[in-house]
Structures are given as C-alpha cells and as structure tokens.
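Each chain is listed here by its residues.
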Amino acid sequence: MTIRLGLTGSIGMGKSTVATMFRSLGVPLFDGDAEVHRLQAAGGAAVAPIEAAFPGTTGPGGVDRQLLGARVLGDAAALARLEAIVHPMVAAARTAFLDTAADAELIVFDIPLLYEKSGPVGLDAVAVVSAPADQQRTRVLARPGMTEEKFARILALQLPDAEKRARADFIIETGTTLADTEAQVAALVACLRAHGVGYCRACARSSLIPKPQG
Ligand SMILES: CC(C)(COP(=O)(O)OP(=O)(O)OC[C@H]1O[C@@H](n2cnc3c(N)ncnc32)[C@H](O)[C@@H]1O)[C@@H](O)C(=O)NCCC(=O)NCCS
Ligand SMILES: Nc1ncnc2c1ncn2[C@@H]1O[C@H](COP(=O)(O)OP(=O)(O)OP(=O)(O)O)[C@@H](O)[C@H]1O
C-alpha cells in the first residue's frame, strides 16, 4: 500500500529544498507551491479569476505576485478571496497527481499550509521542516522583495513553528548543513520504505530519525 507523507513547515524553513531531496531519492512528490505558480503563470487557470477579483494584478506574464501579495497579505478578507480561487484548483491537481503515482510505495505531498488550511487529505504521517527562528529570519530577509513588514504579516498567518513541531510525526531539522538534512531525509525514506509508518514512528523515537514524538 502506498504511504502518503505530508511535508510542511513555515516560511523559509526549507520545504522546497527538502522536497528536492525527496525527489532525488526517487520519491514522487506533489508540490503545492509549484502548482500555485503554474496556475498563476501566463495561461494559468487562476489568472483570469484573479484579475477579476484584484484588477491590475495580472499582465502578459500572468499574476504579478509582488503586487498581489501587497494587496492581500494583511487584509484577511482579500486573502480569503484569493484562497477561494486558488485552493480548490490546487486540491484538484493534488487528486490528479494521485492517479499518476498510484503504484509508488511512498509519495510526498508538499503542502505549505497543511496545518493551517488544507483540511483532511488522507495522509499517513506528516514531516515538518524546521530551523531556529533566527536562521529562518536570515534566510527569508535575504530574498529579493522581502521586507520586515511582509515577513511579519506572513508569519502571523502561519501556525507557529513550535506547534507544528509538536503536531508532527517527524521533524526534519534544516538548521544544520544541507548534507546533514539530506542524511535525515535519506534515513526517513529508507525507514518508511522498509517498515511503513508504524515502525518509522519507532525509528523516530529511537532517534534514528530526529523526531522526539511519543
Ligand atoms: C500572496 C502571494 C501572491 C505572495 O506571493 P510571493 O511570491 O510574494 O510569496 P510566496 O508565494 O513565496 O509565499 C511566501 C510565504 O507565504 C506563505 N503563504 C502564501 N500564501 C499564504 C496564505 N494564504 N496563508 C499563509 N501563508 C501563505 C507561503 O507558504 C510562503 O511561506 C502568493 O503566496 C499566493 O498567491 N498565495 C495564495 C495561494 C496560497 O495559499 N499559497 C500557499 C499554499 S499552496
Ligand atoms: N540544512 C538545510 N536544509 C534546507 N535548506 C537549507 C539548509 N541550509 C540552508 N538552507 C537554505 O534555506 C533556504 C530555504 O528555502 P526554501 O525555499 O527551501 O524554503 P521554503 O520553506 O520552501 O520557503 P517558503 O515557505 O517561502 O516557500 C534555501 O535557500 C536553502 O538553501
């Protein structure tokens, strides 16, 4: 039976980087954020409804995410309107992905807002990527177009890292080196492939995988 592992974490914690690590181990992965980018790119299905709801935020290249972000981050009603357009489309793409990976022993769903918004999606376990807050901050503020204000607004929309860590089945620490994180991902994948989720929780307890969850 296919094991469905959710992958989540707060802004800048390393979801995309860790997703690439899963992929390089041959694990089929649904990337929620990449799907949003596709939907908002030129010709994407979300462009016209976003233009209708937020006039002036799209152009020949699709959605201007800086402009749209300035319009919705910090305005709960506007963000809810955007989510009502985008999230059902992402959910449909996720369902379609399941058909393409029906035979895999392990599949990963990279869902940035797994705890905040996604509702029940039939996952067997969840891995949270996490790093100390000062490293998260340094990484995020180094991004082009990022400001203290935008970072604070996004953080306020997300479940705190401590709560994500508490709810996770597995924690992938990204405050260390990339090589160390890669080793954690490899250990998790090997354990899941060999034993399934139940035994893997045992691995987590025995520190084979760094998730101290009872
Ligand atoms: C608001 C938008 C235009 C800002 O784009 P921008 O390129 O500036 O930022 P980016 O997408 O890289 O997001 C930065 C951080 O904000 C988080 N974030 C994005 N949308 C949301 C949201 N609705 N609620 C909480 N956090 C969010 C992301 O997970 C990430 O950690 C864009 O994030 C968007 O279209 N969001 C709505 C779709 C969505 O919910 N995407 C995230 C989950 S799939
Ligand atoms: N050990 C590590 N594991 C993962 N990422 C690391 C590590 N060390 C440094 N980094 C860096 O941290 C950054 C994490 O960014 P990444 O885009 O993966 O985060 P994200 O969680 O997907 O962000 P967002 O929520 O904004 O989409 C990358 O620049 C990556 O190279």
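On a predicted model such as this, the values are computed, not experimentally measured, just so you know.

### Regarding the overall build of the protein
Argument step 1. Regarding its fold elements, the protein presents nine helices and seven strands.
Argument step 2. For 214 residues, the compact-globule estimate of 2.2 N^0.38 gives 17 Å, and the C-alpha radius of gyration of the protein, at 18 Å, lies within 12% of that figure.
Argument step 3. Along the first, second and third principal axes, the C-alpha set of the protein runs to 55 × 40 × 25 Å.
Argument step 4. A burial count over the protein gives 33% of its 214 residues as buried.
Argument step 5. A sequence separation of at least 24 residues applies to 70% of the contacts in the protein between residues at least 6 apart.

### Some remarks on the site of ligand 2
Argument step 1. If you check the shell around ligand 2, you find 17 residues, and the closest are Gly14, Lys15, Ser16, Thr17 and Thr174.
Argument step 2. Contributing elements (two or more residues each) for the shell around ligand 2: helix H1 (15-24) and helix H9 (178-205).
Argument step 3. The element best represented in the shell around ligand 2 is H1, accounting for four residues.

### Observations regarding the site of ligand 1
Argument step 1. Surveying the vicinity of ligand 1 reveals 20 residues, the closest of which are Ile11, Arg65, Gly69, Pro112 and Leu157.
Argument step 2. Looking at the shell around ligand 1, the elements that each hand over two or more residues are helix H2 (32-40), helix H4 (65-72), helix H5 (76-100) and helix H7 (148-157).
Argument step 3. Per-element tally for the shell around ligand 1: the top contributor is H5, with five residues.
Argument step 4. Taken together, the residues of the shell around ligand 1 sort by class into 13 nonpolar, three polar and four charged.

### Points about the UniProt feature "binding site: ATP" (unreviewed entry) in the protein
Argument step 1. Mapped onto this numbering, the UniProt entry gives "binding site: ATP" (unreviewed entry) at Gly12, Met13, Gly14, Lys15, Ser16 and Thr17.
Argument step 2. As for its placement among the helices and strands, methionine 13 is situated in the loop between strand S1 (3-8) and H1.
Argument step 3. Excluding anything up to four places from it in sequence, methionine 13 contacts Val129, Ser130, Ala131, Gln136 and Thr174.
Argument step 4. Checked against the element boundaries, glycine 14 lands in the loop between S1 and H1.
Argument step 5. According to the C-beta neighbour criterion, glycine 14 is buried, with 23 such atoms within 10 Å.
Argument step 6. Those residues in contact with glycine 14 that lie beyond four places of it in its chain are Gly9, Val129, Ala131 and Thr174.

### Looking at the confidence of the model for the protein
Argument step 1. Considering every residue of the protein, the mean pLDDT works out to 92; 94% of them sit at 70 or more.
Argument step 2. This complex was scored by the predictor with a pTM of 0.93 and an ipTM of 0.95.

### So, the nonpolar core
Argument step 1. Counting 34 residues, the largest nonpolar core has Leu5, Val18, Phe22, Val108, Ala127 and Phe170 as the members making the most contacts within it.
Argument step 2. Of all elements in the fold, only S1, H1, strand S2 (29-31), strand S5 (106-110), strand S6 (125-130), strand S7 (170-173) and H9 reach the threshold of two or more residues within this core.
Argument step 3. When residues in this core are grouped by element, the largest group, seven residues, is from H9.
Argument step 4. Filtering out sequence-adjacent residues up to four positions away, alanine 127 remains in contact with Leu5, Leu7, Ala168, Asp169, Phe170, Ile172 and Leu188.
Argument step 5. By size, the runner-up hydrophobic cluster in this structure holds nine residues, among which are Val36, Ile50, Val86 and Val90.

### Quick look at the packing of H2 against H5
Argument step 1. Two elements in contact, H2 and H5, have axes separated by 10 Å at closest approach and are oriented at 115 degrees. Judged by the twist between their axes, the crossing of H2 over H5 is right-handed. When H2 is examined against H5, the residues Gly32, Glu35, Val36 and Leu39 are found in contact with a partner set consisting of Val86, Met89, Val90 and Ala93.
Argument step 2. Its residues placed into classes, the contact of H2 with H5 shows six nonpolar, one polar and one charged.

Procedures and definitions
Counting from 1, residues in each chain are numbered in the order their sequence is written. As they are written, the chains are lettered A onward and the ligands numbered 1 onward, keeping that order. In keeping with the predicted nature of the model, local features appear solely for residues at pLDDT of at least 70, side-chain atom pairs appear and are counted solely at 80 or more, and the whole-chain, interface and lining totals rest on all residues. A run of H or I in DSSP counts as a helix once it spans at least four residues, and a run of E counts as a strand once it spans at least two, with each numbered from the N terminus. With the radius of gyration taken over C-alpha atoms, the globule rule is written as 2.2 Å times the number of residues to the power 0.38. In this scheme every C-beta is placed from the backbone, and a residue whose C-beta has 20 or more other C-beta atoms within 10 Å is buried, one with 12 or fewer is exposed, and one in between is partly exposed. Each residue is represented by a C-beta atom placed from its backbone, and any two residues with such atoms within 7 Å are regarded as in contact. Using a C-beta atom placed from the backbone for every residue, we mark a residue as near a molecule or strand if that atom lies within 6 Å of it. Charged residues are taken to be Asp, Glu, Lys and Arg, nonpolar residues to be Ala, Val, Leu, Ile, Met, Phe, Trp, Tyr, Cys and Pro, and polar residues to be all remaining types, Gly included. UniProt positions are given in the numbering used here, feature names are shortened, and annotations may be inferred rather than shown by experiment. Scored from 0 to 100, pLDDT records how confident the predictor is in each individual residue. In these notes, a nonpolar core means any group of buried Ala, Val, Leu, Ile, Met, Phe, Trp, Tyr and Cys residues linked to one another through C-beta atoms within 7 Å. The convention used is that axes are lines fitted to C-alpha atoms, helices contributing only their stretch in contact, and that angles between N-to-C directions extend from 0 to 180 degrees. Each crossing is labelled by how the near helix is turned from the far one, with a counterclockwise turn of less than a right angle marking it left-handed and a clockwise turn marking it right-handed.

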